[in-house]
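Secondary and tertiary structure notes
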Amino acid sequence: MIIKSIYLENFRNHNERFFEFKDGINLILGKNASGKTNLLEAIYFCLCGKSFKSKDTNLISFDSEYFKLEASVLANDVEYGILCYVDRLGQKRIMINEKKINRLSELIEKFKFVYFEPDSTELIKQDPKVRRKFLDMEVAKLYPYMIKTFQDYQKALMSRNAFLKSYDKKDIIDVYDIELSKLGCQILKKREETIKRLSEATKEIWYKVFEDKSTIDIVFRPSIPSSSEEEYYSQLKKQFEKDVQMGFTTKGVHRDDFDVFINGQNAKEYASEGQIKFACIAISLASAKLFEKPVLLLDDIFSELDSEKRKNVLKLCKDYQAIITSADEKDSLVKTGLLSHDINNLIQL
Ligand SMILES: Nc1ncnc2c1ncn2[C@@H]1O[C@H](COP(=O)(O)OP(=O)(O)OP(=O)(O)O)[C@@H](O)[C@H]1O
């Protein structure tokens with residue numbers, strides 16, 4: 001897949017800008033606060049219909065009433081024109097080839113991308129919610145039909161929790177337990193599969209980029225480890241008294257987590273900041289291997305990497321279209337030899 005160009009109108013600090021990209025490595029250089037992250041956010045918005053961090057109206061330039069994005073994308077040999085429009089009243093319109101889309105999942109079905117942000121280290125350091133969100137995004141990109149399963153599970157969970165708070169008849173809760181077991185098991189299976197593939201790919205990347213003898217493993221921690229709906233259901237049932245006491249569902253896929261181990265030690269507890277950053281880079285690049293030629297959106301990936309590691313990252317990126325931002329001065333990149341390394345397009349903001 002290739003992003004050929006994007007036009008931004010009143011999107012954050014970009015009032016009217018047009019950017020063209022090439023296949024291979026596109027390096028965007030610019031000073032702090034020049035709008036590099038905002039440009040990646042605009043591309044991200046076009047590819048999945050939302051921002052990675054902000055609500056839609058916050059993306060409108062401070063002094064404007066709306067933002068508009070127009071991206072030209074080539075995916076599976078088909079040309080797509082994506083138009084996104086949001087105004088201050090929160091009205092939102094997303095069109096692909098002049099046809100309004102009904103579900104955001106239509107975007108995720110067509111366009112595959114990987115996004116690395118400087119805050120990606122939160123993936124390891126933060127609470128399980130962040131990891132579940134990341135994992136479910138990976139699952140959704142691999143199996144777009146799972147988006148509906150996630151939504152249905154959330155609805156069933158909320159209904160069960162509401163019922164637990166005002167519980168009086170045990171038999172009614174069974175309806176929710178059956179539904180949660182069915183959906184929960186589907187989610188569990190897909191998360192397990194995805195973690196397995198991600199872990200294998202991460203090991204490969206880790207070795208290629210960091211070229212040392214340390215090891216990395218990703219280990220899934222399901223809240224209800226089970227291989228069938230019946231087993232899931234009976235474990236859910238076992239928690240029933242506790243759930244009534246607590247007033248919410250204490251076990252299920254909404255409490256799943258995964259851990260990252262470096263040299264057999266849990267990274268969250270023992271890894272250095274540098275190791276955590278490397279692990280997150282490796283996981284992001286590994287995610288790219290799960291799809292067929294996704295676009296890589298890599299924000300500030302070079303900071304804290306020495307020149308050897310930067311070159312290794314670039315080597316891995318050159319098989320994709322990668323849009324990489326950096327606050328480094330062009331001269332300093334020339335000095336480290338980075339710019340002689342297959343940069344296909346250099347954009348100075
Ligand atoms: N809605 C908005 N309207 C106008 N400007 C905005 C809006 N939201 C953010 N900005 C501005 O965008 C600028 C930040 O842009 P961005 O985060 O893309 O910078 P950057 O080039 O990635 O910087 P750094 O190298 O420091 O990460 C800030 O000056 C911020 O005030």
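Structure shown above.
Residues numbered from 1 in each chain as written. Predicted model: local features only at pLDDT ≥ 70, side-chain atom pairs only at ≥ 80, totals over all residues. Heavy atoms only, no water.

**What to know about the overall build of the protein chain**
Cut-off, in case you're wondering: Only DSSP runs of H or I with at least four residues qualify as helices, and only runs of E with at least two residues qualify as strands; both kinds are numbered from the N terminus onward. Exposure classes here rest on a 1.4 Å probe applied to the protein chains alone. A residue is buried below 20% of its type maximum, exposed above 50%, and partly exposed in between. The contact definition used throughout considers only heavy atoms, calling two residues in contact when any of these lie within 4.5 Å. What sets the accessible areas is the Shrake-Rupley method with a 1.4 Å probe; for residues, cover comes only from the shown protein chains. Two residue types count as positive, namely Lys and Arg, and two as negative, namely Asp and Glu; His and chain ends fall outside the count. Where a charge sits is defined by one atom per residue type, namely NZ (Lys), CZ (Arg), CG (Asp) or CD (Glu).
Scanning the protein chain from N- to C-terminus turns up 12 helices and 14 strands. When the backbone C-alpha atoms are referred to their principal axes, the protein chain occupies close to 70 × 55 × 35 Å. Counting across all 349 residues of the protein chain, residues that qualify as buried make up 54%. Intrachain contacts of the protein chain at a sequence separation of at least 6 include 71% that bridge at least 24 residues. Element-wise, carbon and sulfur atoms account for 48% of the exposed surface of the protein chain, whose accessible area totals about 16700 Å². Computing the positive centroid from 56 side-chain charges and the negative centroid from 55, the protein chain places the two 1 Å apart.

**A few points about unusual backbone geometry**
Non-glycine residue Asp 77 carries a positive phi angle of around 65 degrees. Mapped onto the fold, Asp 77 is located in the loop between strand E4 (66–75) and strand E5 (78–87). In this structure Asp 77 comes out as exposed when scored by relative accessible area, which is 76%. At Asn 263, a residue that is not glycine, the phi angle is positive and equals roughly 50 degrees.

**Observations concerning the pattern of salt bridges**
The condition is simple: Any carboxyl oxygen of Asp or Glu within 4 Å of a side-chain nitrogen of Lys or Arg constitutes a salt bridge here.
Per the stated rule, a full pass over the model turns up 26 salt bridges. We note a salt bridge from Lys 208 to Glu 204, for which the minimum N-O separation is 3.8 Å. A residue pair is termed a helical-turn pair when its members lie 3 or 4 positions apart in one helix, as Lys 208 and Glu 204 do in helix H6 (residues 170–210) at 4 residues. With relative accessibility at 40%, the residue Lys 208 sits in the partly exposed group. Among the salt bridges present, the one from Lys 309 reaches Asp 306, with a minimum N-O distance of 3.1 Å.

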